[in-house]
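# Architecture and fold: a report
Below, each chain spelled out in residue letters.
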Amino acid sequence: MNTLSISKIAWNRIPQARLAMWTLIAGEFVIFGGLIVTYLLNRMKYPGWGEMAMHTNVIAGTINTFVLLTSSFFVVKAHEAALKKNIGKIKFWIWLTILCALIFLGIKAYEYTHEIHAGFTLSSPALLAQGKHVETLYWSLYYTMTGLHGLHVVAGALALFFVMRNISKTGTHFHRIEVAGLYWHMVDIIWIFLFPLIYLIH
Amino acid sequence: MSMAHVKKGFWHRFFFSLDHKDIGLQYLITTMFIAFFAGIFAMVFRIHLAYPDVSIPLFGTIGPKEYNILVTNHGLIMVLWLSMGVLLASAGNFLIPVMLGTDDMAFPKLNKLSYWFFLSSVLVLIASFFMPQKGFGGGWTLYPPLSVGDFGYNTAYKSFAGRFFSSNTFVLLAVALEFVSLLMGGINFMVTLFNKRAKGMGLLQVPMVVWMIVIASVLFMFSVGPLVAGTFMLLLDINAGTGFYDASRGGDPLLWEHLFWFFGHPEVYVILLPGLGILAEVITTNARKTLFGYNLILVLVLIAMVLSLMVWAHHQFVAGIDPRAATVFSILTIIISLPFAGVILSFLATLWKSNLRLTLPMKWALAAIVLFTILGGFTGLHLGAALFDVYAHDTSFVVAHFHYTLIPVVLFSGMAGFYHWFNKFSGRELNRFLGNLHFWLTFIFFNGFGIPLFLLGLAGQPRRYAGYDHIPYLSEGHLPLLREIATISAIILVLSQFIFVFNFIWSAFKGKKISSTNPWESTTLEWQTDSPPPHGNFEVYPVVYHGPYEYNRPDTEKDYLPQNQKL
């Protein structure tokens, strides 16, 4: 035996936090995978779902896609600033990302409001009354998928906020921007799957 | 004992400690606490099945509703909380950092957080018994519409509060919390394996049990996702009036079965793999031989991991799936037995012509292999074939089959691990007489319980029936006698576990202090430090020069060569 200090025994072949985040992302994709497969199987089974998909707001969805894609660019810029340890620029780009998240949630809330007013809710009793049983399932799954994704948007924005605050307070842990950024890209990519499936296929 | 001056009070040790050994102990105690109730439940409903009119103290006469609640919670607790809590969470926490020669997990705070989630899942599960339904009775597989229960997509419980504060909702929440806990734990295990190995330890020099726990965690992560989504949808069905699983609205109850078993079948391998890992450690130590085919075992297990994601529908042969699909799933199910046969053969090859030490852990390990292979594995081949399964499905034959797979893995190899490592983590010896008594009673009466169930199942006794009195062909001939044998054996099996609980508690406080830090003369790193390992595990961090199982080498003085000893 020799006397090694604890800092030397961790080999850190892959940066620890990044490895953990990739693992988490793999797990998240399986969760959304379950929902997406459920959606696809039902979509192929029920032609009525296409008619329901016509009621989604494609323009709002498109704008939201652009907003999320742009926010991913901002996170990359924040990562670039983090590599240079430039706290001012990190704050600037992260605040822009969080702003994009808020715009996304705002537009989503606008869509939800219109859909709820049109009688399309989580359980859609109005459709049930018309005898459109299968069609209610479309809206149940629509709210489940977009709602769960929305929760991930909130979680990602909160993570970015706290990481940024911690960096500007302590001036350390710059790598956390990259890790939280990875999560943010995942939120973005999941939306890239949801957008054509829910909005575009008619 | 470099950190011996750090005195830990009870509250600190059991609620706030970040030390992986303390967290492992917390998992162990929590799972034993909840498994106590699951064992009592099993005793009660077995008594009811053999002697339907007997009034059981504290439980009274068991009606169909109570019977369903007891059976459901027995299954849920044993599969989801006990098996994974002991073999993944507790064993993983105790063993991984010490066996890798490091101070703690990669993320100690995440580790603590995952225990807190585990504890809250147990508390929510207990709370489900205090809801108006007095416990969830929809079967441990949570199939809708049974799991939607009285709510049945109807008008009886209109209010949101009535739906939310129900046993059904609480059980689903408990399951979800437990999944979150194990996902966080799994991330921790994986990162620890890849990033925190001792200097010099290559990936193929990692002890098998660590590999197995990590592979099981990864498999859990890949299989549980769809069920998390499915649980979310089931919660919405109960609480928000959606109809995902409601056939009258175009929803599909089979969807739940697919989502559940896509997790549920890999789940049995999530439980099996850590058990096999423990067997590998105990067998090599007591056979004084290197593990036969270390790389082969890893490859076989990875093949099985991929295959296990493609066999789930063999649980649904009679649920109305396409017969062509049934053929495919039958073939895949029978193929998946090959990798595991390979692993067991590797263990047998390790035992071949070995200089066997028949210690107490070794007895448990050998019993685990015999019972798992002969009665658990072979009957699995029968049930995997759709032709046989259609006949035996939902009979006691299936019940006996999965008890013969789970009990050897969880109870027997879990106990092998417990009796093997207890002295390391407590610094004291277990009482050997009580240990032997526990082993023989468990071995004899487990078979006394299981074999009659095989016979009853082949005689056509269905499972999940709250009593067989009213069925003429099941209350004639030798069948009631078989049920009585199974019941009496099950009672003794459960009661003999209290010998273990007593032995555990008594030895932990009053047992003889262990004289050697390496009483089994084993090679892996946990035996090369103090018993119990201090906070931080090692005074000087080891450097690894060898693989984990260097026994009986011709060029060494003793018959074992520790991983950190230079030749």
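Here the structure is shown first, and the text comes after it.
Quick look at the structure, then. Starting afresh in each chain, residues are numbered from 1 along the sequence in its written order. Think of it this way: whatever chain is written first is A, whatever ligand is written first is 1, and the rest follow in order. Confidence filtering applies because this is a predicted model: local features only for residues at pLDDT of at least 70, side-chain atom pairs given and counted only at 80 or more, and all residues used for totals across whole chains, interfaces and linings.

## Comments concerning the nonpolar core
- What we call a nonpolar core is a set of buried Ala, Val, Leu, Ile, Met, Phe, Trp, Tyr and Cys residues whose membership is set by joining through C-beta atoms within 7 Å. Burial in this document is a count-based property: other C-beta atoms within 10 Å of a residue's C-beta are tallied, and the residue is buried at 20 or more, exposed at 12 or fewer, or partly exposed in between, with C-beta positions derived from the backbone. Core analysis: the largest hydrophobic core is formed by 221 residues, its most contacted members being Val-210, Ile-213, Ile-215, Leu-279, Ala-365, Ala-368 and Ala-416 of chain B.
- Contacts of Val-210 of chain B, omitting those with residues within four sequence positions, involve Leu-95, Ile-96, Met-99, Leu-100 and Leu-193 of chain B. For every residue pair, C-beta atoms are placed from the backbone, and the pair is scored as a contact if these atoms sit within 7 Å.

## Considering the interface of chain B and chain A
- The interface of chain B with chain A comprises 39 residues on the first partner and 33 residues on the second.
- Starting at the N terminus, helices and strands are each numbered in turn, a helix being any DSSP run of H or I of at least four residues and a strand any DSSP run of E of at least two. Of all elements in the fold, only α6 (167-195), α7 (208-239) and α8 (253-287) of chain B reach the threshold of two or more residues within the side of chain B that touches chain A.
- Of the residues forming the side of chain B that touches chain A, the biggest block, 10 residues, is contributed by α7 of chain B.
- Classifying every residue of the side of chain B that touches chain A by side-chain character gives 24 nonpolar, 10 polar and 5 charged. Gly counts as polar in this scheme, as do all residues outside two lists: the nonpolar Ala, Val, Leu, Ile, Met, Phe, Trp, Tyr, Cys and Pro, and the charged Asp, Glu, Lys and Arg.

## Let's talk about helix α4 (residues 58-83) of chain A
Residues and elements named next belong to chain A.
- Here the expected span of a helix is defined as 1.5 Å times the quantity of residues minus one. Taking 1.5 Å as the rise per residue, α4 with 26 residues should run 38 Å; its terminal C-alpha atoms sit 38 Å apart, in good agreement.
- Buried residues of α4: Gly-61, Asn-64, Leu-68, Ser-71, Phe-74, Val-75, Ala-78, Ala-81 and Ala-82, and no others.
- Looking at the packing, one finds that the buried side of α4 touches α5 (87-117) and α8 (175-200).
- Directly beyond the C-terminal end of α4, a positive phi value near 55° is found at Lys-85.

## Examining the packing of helix α2 (residues 16-45) of chain A against α7 of chain B
- For the pair α2 of chain A and α7 of chain B, the least separation of the axes is 7 Å and the interaxial angle reads 45°. Classed by the angle they form, the pair α2 of chain A and α7 of chain B counts as oblique. Note that α2 of chain A runs across α7 of chain B; the crossing there is right-handed. From α2 of chain A, Ala-26, Gly-27, Val-30, Ile-31, Gly-33, Gly-34 and Leu-35 of chain A reach across to α7 of chain B, where they touch Met-221, Phe-222, Gly-225, Pro-226, Val-228, Ala-229 and Gly-230 of chain B.
- When the residues that make up the contact of α2 of chain A with α7 of chain B are grouped by side-chain class, the tally is 9 nonpolar, 5 polar and no charged. Orientation is described by axes fitted as lines to C-alpha atoms, over the contacting stretch for helices, and by angles from 0 to 180 degrees between their N-to-C directions. Throughout this description, any angle smaller than 35 degrees is read as roughly parallel, any larger than 145 degrees as roughly antiparallel, any in the 65 to 115 degree range as roughly perpendicular, and the remainder as oblique. In this scheme the crossing of two helices becomes right-handed for a clockwise turn of the near helix relative to the far one and left-handed for an anticlockwise turn of less than a right angle.

## Here's the deal with α7 of chain B
All names here are of chain B.
- Spanning 32 residues, α7 covers 45 Å between terminal C-alpha atoms, matching the ideal 46 Å at 1.5 Å per step.
- To get the bend at any residue, fit one axis to the seven residues that end at it and another to the seven that begin at it, then take the angle between the two axes. Of all the bends found along α7, the most pronounced is centred on Val-224 and spans about 40°, while Pro-226, a proline, follows it within four residues.
- For α7, the buried fraction is high: 29 of the 32 residues fall into the buried class.
- Gly-241 sits one or two positions beyond α7 and adopts a positive phi of about 75°.

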